Amino acid sequence: MKRLTSALICVLLCCAAASVRAADDSSGDMSLELYQKIKGHFDVLYGASSTLVAVSPPNKAETEKALRADCAESKDALIKALKSKKSLHRELAARALEYCGDKKAAVEALSAALNGDPDESVRRAIAGALAKLPDARAVDALIKGLSDTGDSIRGICASALGNIKDTRATDPLLKVLKDDEKPIVRLQTALALSKIKDPASLEPLKKALDQEKDERVKMAIAGALRGVMKDSDKGEKGDKESAEEKVPTAGEAANELAQLSKEMKEVEEKLREDRHDQAVQAQGTGIENKLVTLIEKMNKMGSGQGEGKKDGQEQRQQQQQSQGNQKNNGPKNAGSGLKDSQLGSSVPQGAINAAMVAGKQDAWAKLPPAQRDELLQAFREDMPMRWKKRLEAYFTSIAAEESKNDGK
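Analysis parameters
- Residues numbered from 1 in each chain as written.
- Predicted model: local features only at pLDDT ≥ 70, side-chain atom pairs only at ≥ 80, totals over all residues.
- Heavy atoms only, no water.
- Salt bridge = Lys/Arg side-chain N within 4 Å of Asp/Glu carboxyl O.
- Helix = DSSP H or I, 4+ residues; strand = E, 2+ residues; numbered from the N terminus.
- Core = buried A, V, L, I, M, F, W, Y, C linked by side-chain atoms within 4.5 Å.
- Buried < 20%, exposed > 50% of the residue type's maximum accessible area, 1.4 Å probe, protein only.
- Contact = heavy atoms within 4.5 Å.
- Phe/Tyr/Trp six-rings, centres within 6.5 Å; stacked < 30°, edge-to-face > 60°.

1. Description of the pattern of salt bridges
The tally for this structure, following the rule as stated, stands at 19 salt bridges. Measuring nitrogen to oxygen at the nearest pair gives 4.0 Å for the salt bridge that ties Asp 140 to Arg 168. Of the two residues, Asp 140 is situated in helix 8 (residues 139-145) and Arg 168 in the loop between helix 9 (151-164) and helix 10 (170-179); the sequence distance between them amounts to 28 residues. Ionic pairing is found between Asp 214 and Arg 216, a salt bridge with its closest N-O pair at 3.6 Å. Taken together, the shared-partner salt bridges in this structure form one network comprising Asp 151, Arg 154, Asp 180 and Lys 182.

Structural data, given as structure tokens:
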């Protein structure tokens, strides 16, 4: 009887142990063997290896290779471990999924776990893994992560969105840049926006730069502004070169020059107020780039691209007629040359400073009418002198080239 009782007790104990093991399996906990193996690989890769003199340092390349093999083999167990009751297991699983080789499965599992895990260290590990596995499938989860209570997690989520470069993240990132109280988070957000380079972020970035107090963040925002403006200029230049019909008319070029004139005035006013920060520098650089692009457009227009030969002949006839009028009138009346050369044909009254064209009428009279109109529209009273000089040199060079061609 005693033997029977002992046997029954042993059976019950075995059943209980089996039940405990089944419960552990359903909890998602990693096996002790897998946990130790993965953790050992990470210890070697990130500096927690043995410091004994007699022990040769481990080969990190071989260790990473072994880590990838073990993670690939145990991918399902690692995904399951994201729901473990033990935070150490969840954190290690999140870090290990980066190496499993199945990006789609890893990103989907990590995205699902990011915002629901109660442990900050686990959420940080998940966000870090997603930052190293840039994938559009994670965008929604990472945007939600921008409102995490952990400062470091918000910053890592911003960095991850920057790596993905999806414009869906532009507005949420701009909101963080405006409202987040932690400078390090705003810094990482600005760096993310500099990678996305969404043209829609240009104006909000300018406002954010004016409002920002932290110098490191201001530098990052200025860098983002430069990146967005440079990328936009490249896009405009590519569009310009892709089709001849996009060469502007004289009226379009004049309107663009008038708009640039207003922007130039804003920069000059800031410089007079002793503002020489990176925001002003970025704005000035943007104007310079726009001006160079516009001059290239006008060069195309002036060289006859997008126009027929008949138009070119008419321009030359008008030019020769203007030259004849100039010679007949003589030098006794400085104003008559301006009138006869049709310099004021389509320009609003009061838009020209007459002193600026005095002494150059002989050269400018040789310009085709469309280019003369552009020049006059550009030379407004409120245009800063350094840009006036650049445009003056440009149009004078055109006049010289026209005169050279006439002499052939």
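From this point, the narrative continues.
2. Description of the nonpolar core
Formed by 67 residues in total, the largest nonpolar core has its most connected members in Leu 110, Leu 142, Leu 173 and Leu 205. Among the elements that take part in this core, helix 13 (residues 215-242) stands out by supplying 8 residues, more than any other. Excluding residues within four positions of it along the chain, Leu 142 makes contact with Leu 114, Leu 130, Cys 157, Ala 160, Leu 161 and Ile 164. Within the second largest apolar cluster, 5 residues are counted, among which are Leu 260, Met 264, Val 267 and Leu 291.

3. Focus on the environment of Leu 130
Structurally, Leu 130 is set in helix 7 (residues 120-132). The class for Leu 130 is buried, based on a relative accessible area of 0%. Excluding residues within four positions of it along the chain, Leu 130 makes contact with Val 107, Leu 110, Ser 111, Leu 114, Ala 138, Leu 142 and Ala 160.

4. Section: the packing of aromatic side chains
Evaluation of the coordinates by the stated rule reveals 2 aromatic pairs. Ring geometry for Phe 42 and Tyr 46: centres 6.0 Å apart, planes at 20 degrees, overall stacked. Arranged with centres 5.8 Å apart and planes meeting at 70 degrees, the rings of Phe 42 and Tyr 99 form a pair that is edge-to-face. A residue pair is termed long-range when its members are at least 10 positions apart, and Phe 42 in helix 2 (residues 32-45) and Tyr 99 in the loop between helix 5 (87-97) and helix 6 (103-114) qualify at 57 residues. A single burial state applies to Phe 42 and to Tyr 99, both of which are buried. The rings of Phe 42, Tyr 46 and Tyr 99 are connected pair by pair, giving a single aromatic cluster.

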